[in-house]
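Next come the chains, spelled out residue by residue.
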Amino acid sequence: MADEQKDKKSSNPNQINIELSEEVAEGVYANLAMIAHSNSEFVIDFIRLMPGVPKAKVKSRIVVTPEHAKRLLNALNDNIQKYEETFGEIKKTDEAPKFPINFGGTVGEA
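Residues numbered from 1 in each chain as written. Predicted model: local features only at pLDDT ≥ 70, side-chain atom pairs only at ≥ 80, totals over all residues. Heavy atoms only, no water.

**Describing the overall build of the protein chain**
The helix and strand tally for the protein chain stands at 3 helices and 3 strands. Tracing the protein chain from N to C terminus, the helices and strands come up as α-α-β-β-β-α. Buried residues in the protein chain amount to 6% of all 110 residues. Relative to all contacts within the protein chain whose residues are 6 or more apart in sequence, the contacts with residues 24 or more apart total 23%. Of the roughly 10,500 Å² that the protein chain leaves accessible, carbon and sulfur atoms contribute 55%. (Helix = DSSP H or I, 4+ residues; strand = E, 2+ residues; numbered from the N terminus. Buried < 20%, exposed > 50% of the residue type's maximum accessible area, 1.4 Å probe, protein only. Contact = heavy atoms within 4.5 Å. Areas by Shrake-Rupley, 256 points an atom, 1.4 Å probe, with all protein chains shown as cover.)

**Examining the sheet that holds strand 2 (residues 42–48)**
Hydrogen bonds between backbone atoms are what pair the strands of a sheet, whose relative direction is either parallel or antiparallel. Across the sheet, which stays open at both edges, the 3 strands sit in the order 1-2-3 with antiparallel pairing between neighbours. The open sheet has two free edges, formed respectively by strand 1 (32–37) and strand 3 (57–64), since each of these has just one partner strand. Taken over all neighbouring pairs, the strand axes of this sheet differ in orientation by 20 degrees on average, direction set aside. Note: strand 2 against strand 3, 7 bridges, orientation antiparallel. Across the sheet, residue Phe46 finds its bridge partner in strand 3, namely Ser60. (Pairing = 2+ DSSP bridges. Axes fitted to C-alpha atoms, helices over the stretch in contact; angles between N-to-C directions.)

**Considering the pairing of strand 1**
In this structure, strand 1 lies alongside strand 2, joined through 6 bridges in antiparallel fashion. Each residue of the ladder has a partner; that of Met34, found in strand 2, is Asp45. From the end of strand 1 to the start of strand 2, which pair antiparallel, there are 4 residues.

**Focus on the packing of aromatic side chains**
In this description, a pair of aromatic rings is defined by centroid distance and the angle of the planes. Summed over the entire model, instances satisfying the criterion amount to 1 aromatic pair. Seen in terms of ring centroids, Tyr83 and Phe87 are 4.8 Å apart; in terms of plane orientation they differ by 45 degrees. Their pairing is tilted. Highlighted residues: Tyr83 and Phe87, both in helix 3 (residues 66–87), separated by 4 residues, approximately one helical turn. (Phe/Tyr/Trp six-rings, centres within 6.5 Å; stacked < 30°, edge-to-face > 60°.)

Written as structure tokens, this is what we have:
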């Protein structure tokens, strides 16, 4: 009987085992996202924009279906609401981020 219950648990069709490698778990920093779409997919580019550098690099591109894009939107809204309940309202500014050209450190001269 116990073996039958164990087999039922391991074959649960609603359970998903998700693997996260160490490399992916480290994450990638991005401070800009650009979104494009077609009739069948949304493309989200996560970009790292560095101060004083005229060229930015796409660090990751995620392609999802419109249905998954809407699920992502709902999940982000839910998480932002929970975040703000805990830490307070996230301030929004229409200005572009202001980076110090030297990141706050000393400026070298050659």
